[in-house]
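One letter stands for each residue in the lines below.
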Amino acid sequence: MISLQENTEQKLINYVSNFEGNFDKMINVILGYRIEQLQKAINNLLSDFIFFEKKYSMKSNEFFILFEEGKMGDGNSDFFQWSGEYEVYLDYQKELKSLL
């Protein structure tokens, strides 16, 4: 059983009416939108990775392993941005996989 706050439940009821009560269709539209957003975000991150990979002559996955092992140092702000974006990329990939 799903427990919702009253105002959330009312919003959901109103939204379902747009789909003539077809929960399956509604959920698929919502999930399709999320999949599309994840794919766009992943593509944006991959573009960022190209910049870093060219600048540092290293693939992102190789960089991330070395950074996590503490072998890249901590004096370069690019490394923190790159590693942060790579962590987000991994999270988005995991979420996308769960939706496909």
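Preceding this paragraph is the structure being described.
Report on the accompanying structure. (Residues numbered from 1 in each chain as written. Predicted model: local features only at pLDDT ≥ 70, side-chain atom pairs only at ≥ 80, totals over all residues. Heavy atoms only, no water.)

1. Description of the side chain of aspartate 78
In this structure, aspartate 78 sits in helix α4 (residues 77-99). Other than its neighbours up to four places away in sequence, aspartate 78 contacts Phe52, Lys55 and Tyr56. (Helix = DSSP H or I, 4+ residues; strand = E, 2+ residues; numbered from the N terminus. Contact = heavy atoms within 4.5 Å.)

2. Some thoughts on the environment of lysine 94
Inspection of the secondary structure puts lysine 94 in helix α4. Among the residues examined, lysine 94 registers a relative accessible area of 66% and is labelled exposed. Between the C-alpha atoms of lysine 94 and isoleucine 30, which are 64 residues apart in sequence, the distance is 18 Å. (Buried < 20%, exposed > 50% of the residue type's maximum accessible area, 1.4 Å probe, protein only.)

3. Notes on the packing of helix α3 (residues 60-68) against α4
Interhelical geometry of α3 versus α4 gives an angle of 110 degrees and a closest axis separation of 10 Å. Considering their axes alone, α3 and α4 lie roughly perpendicular with respect to each other. Note that α3 runs across α4; the crossing there is left-handed. Two secondary-structure elements touch here, α3 through Ser60, Asn61, Phe63, Phe64, Phe67 and Glu68 and α4 through Phe79, Phe80, Trp82, Ser83, Tyr86, Glu87 and Leu90. Across the contact of α3 with α4, the residue classes tally to 8 nonpolar, 3 polar and 2 charged. (Axes fitted to C-alpha atoms, helices over the stretch in contact; angles between N-to-C directions. Parallel < 35°, antiparallel > 145°, perpendicular 65-115°, else oblique. Left-handed = near helix turned anticlockwise from the far one by under 90°. Nonpolar A, V, L, I, M, F, W, Y, C, P; charged D, E, K, R; others polar.)

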